[in-house]
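Working through the structure, step by step
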Amino acid sequence: MKHFIGFLKKEFYHIFRDKRTLGILFGMPIALMMLFGYVITTEVKDARIAILDQSKDETTRKIIEKIASSGYFVIAKNLDNETQIEDCFRKGLVKEVIVFQPGFGQKLQKDKKASVHLIADASDANSANLIINYTGAIMNDFIQKENASAVLPMQIITESRMLYNPELKGVYMFVPGTMAMILVLISALLTSVSIVREKEMGTMEILLVSPLKPIQIIFGKVAPYIALSFINVITILLLSNYVFGLPVKGSLLLLLAESLLFIILSLSLGILVSSLTNNQLTAMFASILGLMLPTIILSGFIFPIENIPAWIQWLCYANPTTYFIIILKNIMLKGLGLMSVWKETLILVGMTFVLLGLSIKKFNIRLEK
Amino acid sequence: MRTILFILQKEFIQISRNKMMLPMIFVVPLIQLLLLVNVATMEMKHIKIFIVDNDLSTTSRQLTAKFSNSNFFVLKGYSNQIAEATASIENNKADMVLHIPKGFEKKLGKENKSELQLLYNAINGTVAGISNAYTTQIISGYNYEILPRGSGSSALQYSAGNIQIIPSFWYNPTLNYKIFMVPAILVLLVTIIGLGLSSLNIIKEKEMGNIEQINVTPIKKIHFIFGKLLPFWIIALLMMGVGLIIGIILFHTPILGSIGLLFAVASVYLLVILGFGLIISNISSTMQQAVFVVFFFMIIFIMMSGIFTPTDSMPNWAKIINYINPIAYFMKMIRMILLKGSGFKDIYQDFFMLLGYGIVVITLAVNRYKKVG
């Protein structure tokens, strides 16, 4: 036991001595939360557009004013003729060009019909679609206000309620994912690199001939990372509560217990990677590709799993992060209890046992076979 | 020159000897392209809807049919129990619930006004917002259909939309999101390979202790650094080519602009990236530390580069940070060249910014590198 404590101390020293890594370890969750909270949004805001007004009358002026003041768009350019459109797009100056037909206002008054051409730069298909929809909505709204007297003789009124996230904030989506990502990063990536490092430097030999049992070596190696991971979980929860106004709706204890389960799972993944690889570079690439990438893209973190083609979906279901994110969402955002996540929890527990068993079995006590 | 050649030779031998590294360098792009391009779609395909029909009238059935016939919606449940519907939202079986209350049709006939309730799982706010837009569109479309025709006026007259909107989607009329993602994956590829390899390489020599042996040779600083960086520069460009070919074969990525210009931009971009890799490699003492620094900046810069989301909608402080984000420049230019056929005169500003940036970073990297331990 004394040996073990000594070994544990050494591991903690290793981490605390490296101030730069430590800084990044603690800065990472904060930076990511800020990023996802404020910067990464799919909403349309301040999209740059150009206007080709061939009519230049009262109505078009009013519509343009309305568009400019909507907050969705910034009018970056006024064009004089159609040949300029292509150039605008090619230079990437604007995302959309609104073309009012000549005599727009007059036609609207006389014929009750006037047309406007919305041209979007659809190289970004998503934004293009949104931008066109938003522009159309603003114009329809304008017309509706203009003839507010026209009431439908029969009207279906819809009352929409947004559950769990009434303000449709993006943070709700990203807090669980960020948490999962940080845990995989610290527990799996760092652990695997730190164990392989001992191999590469030749110090593994010294550890192996020491009176420490393999299980003690493994545990001593991962213990500091468990502590670090836990601190980060708490940082993220505090940030989401105090900065983004997103409290944990369900049981905090259950949430922490599930996080611990996921940390242990990631650690066993890290150990497994370290026993399969021989140098840090390979371990790192393997962790980033095999663990980080799936965590980010195959877990429902950024892209909803339902939209993913079926032949890739099974990868998502083999990915433990998928279940962890479901658990986090249910507990944190929906306020549900263990009853709602027992299936996912069981899957994680099962995965943990398999991976832990595998990684202990694979952990060689000989350097060369 | 001869010295550089020898260093180059050594580096290539070293890279080719690592049995795991080589396949990874070559397999990674394939996996990334296949997975990411297919996965990274923001298109909304199927919204899972649960309909609670307490009215059981012609109107409610017609309305239900509207949803089950729509391509956007998948009818996940139909019942008269609201509790069943909310449970289906809780366990993610449904994304939204349409509740048609009892007496809906009657009220519509009598009072000319009747309410419907819509419930959304709004954890993903964007999806909920778009679902809501689609749903109300379907409902109001249905609303116009059932307006009384006999009252002498066509339904069109009530429609507020007498502004006829003609949308056109240039460069990508089918709104294929994959076309947008392929260039982004190429950027990722070049960045991960360039930054990953260069930042870890010198550190490895440091950790293994053979940097001292190199330091005592008559190799000049600048020779050493170019010898170190050139292999990665070549590999990264090669990988971009491979990625591009895969993109063309599998996803029919359009190449509207000049390939030469694309490679010129990539070469300049790699100057910045390799320079940064070198600097990180210089200031870090262990690989773990370098990995962390690289990962930290890479993930932030990638997310901010507009890879998935438009840079326009970012707050101002983020836009300012993007001036020093090399990935943002490359991301913007590669998409412009490939998807819109932009030429040099369209991108020269960004190009020269990136070139200046590259020169500054490389100079810094060379200056910071010291042969003295």
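Residues numbered from 1 in each chain as written. Chains lettered and ligands numbered in written order. Predicted model: local features only at pLDDT ≥ 70, side-chain atom pairs only at ≥ 80, totals over all residues.

Helices and strands together make up the secondary structure of chain B, namely 15 helices and five strands. Its C-alpha atoms give chain B a radius of gyration of 29 Å, clearly above 21 Å, the size a compact globule of 373 residues would have. Dimensions of chain B, computed from the C-alpha atoms along their principal axes, are close to 95 × 45 × 40 Å. Burial statistics for chain B: of 373 residues in total, 43% are counted as buried. Partitioning the intrachain contacts of chain B with sequence separation of at least 6 by distance along the chain shows that 78% fall at a separation of at least 24. (Helix = DSSP H or I, 4+ residues; strand = E, 2+ residues; numbered from the N terminus. Rg over C-alpha atoms; globule rule 2.2 N^0.38 Å. Buried ≥ 20, exposed ≤ 12 C-beta atoms within 10 Å, placed from the backbone. Contact = placed C-beta atoms within 7 Å.)

With that settled, consider the overall build of chain A. Helix and strand content of chain A: 14 helices and five strands. Rg of the C-alpha trace for chain A: 28 Å, well past the compact-globule value of 21 Å for 369 residues, more than 25% over. Taken over the C-alpha atoms alone, chain A extends approximately 95 × 45 × 40 Å along its principal axes. A buried classification covers 43% of the 369 residues belonging to chain A. Sequence separation of at least 24 residues holds for 77% of the intrachain contacts in chain A that already meet a minimum separation of 6.

Now for the interface of chain B and chain A. Listed by partner, the interface residues are 92 residues for chain B and 96 residues for chain A. Within the residue set of the side of chain B that touches chain A, elements represented by two or more residues are α2 (21–39), α4 (82–90), β4 (113–121), α6 (125–145), β5 (163–170), α8 (177–208), α12 (287–304) and α14 (326–340) of chain B. Classifying every residue of the side of chain B that touches chain A gives 53 nonpolar, 28 polar and eleven charged. As paired elements, strand β4 (residues 114–121) of chain A and β5 of chain B share eight bridges and run parallel to each other. In the strand pairing of β5 of chain B, V116 of chain A is matched with I165 of chain B. (Nonpolar A, V, L, I, M, F, W, Y, C, P; charged D, E, K, R; others polar. Pairing = 2+ DSSP bridges.)

Moving on: the sheet that holds strand β5 (residues 155–163) of chain A. The five strands lie next to each other as β5(A)-β4(B)-β3(B)-β1(B)-β2(B), forming an open sheet whose pairing is mixed. Taken across any chain shown, the strands that pair with only one partner, and hence form the sheet edges, are β5 of chain A together with β2 (73–79) of chain B. This sheet shows a mean twist of 25° between the axes of neighbouring strands, independent of strand direction. Two elements, strand β1 (residues 47–53) of chain B and β2 of chain B, share six bridges in a ladder whose sense is parallel. Opposite V52 of chain B, over in β2 of chain B, you have S79 of chain B as the bridge partner. Sheet strands touched by α4 of chain B: β5 of chain A together with β1, β2, β3 (96–100) and β4 of chain B. Its angle to β2 of chain B, the strand with the most contacts, is close to 140°. (Axes fitted to C-alpha atoms, helices over the stretch in contact; angles between N-to-C directions.)

A few words now on the nonpolar core. I185, V190, Y269 and I334 of chain B are the most contacted members of the largest nonpolar core, which has 204 residues in total. Counting residues per element, this core draws most heavily on helix α7 (residues 171–201) of chain A, which supplies 19 residues. Once residues within four sequence positions are removed from consideration, I334 of chain B is found in contact with P183, L186, V187, L262 and V265 of chain B. (Core = buried A, V, L, I, M, F, W, Y, C linked by C-beta atoms within 7 Å.)

Turning to the domain arrangement of chain A, a few remarks are in order. Domain boundaries assigned for chain A yield domain 1 (18–39 + 170–362) and domain 2 (47–146). Relative to domain 2 of chain A, the C-alpha centre of domain 1 of chain A lies at a distance of 47 Å. (Domains from an automatic or database assignment.)

This brings us to the environment of E306 of chain A. In this structure, E306 of chain A sits in the loop between α11 (280–297) and α12 (310–317). For the pair formed by E306 of chain A and F363 of chain A, sequence separation is 57 residues and the distance between their alpha carbons is 37 Å.

Quick look at the domain arrangement of chain B now. In terms of domains, chain B is made up of domain 1 (21–40 + 175–368) and domain 2 (47–147). Between domain 1 of chain B and domain 2 of chain B, the C-alpha centre-to-centre distance is 47 Å.

What follows covers the packing of helix α11 (residues 259–283) of chain B against α14 of chain B. All names here are of chain B. Viewed as axis vectors pointing N to C, α11 and α14 meet at an angle of 175°, and their least axial separation amounts to 10 Å. In terms of their interaxial angle, α11 and α14 are classed as roughly antiparallel. Judged by residue contacts, L261, L262, V265, Y269, V272 and I273 of α11 engage P326, F330, M333, I334, I337 and L338 from α14. Along the lines of polarity and charge, the residues of the contact of α11 with α14 split into twelve nonpolar, no polar and no charged. (Parallel < 35°, antiparallel > 145°, perpendicular 65-115°, else oblique.)

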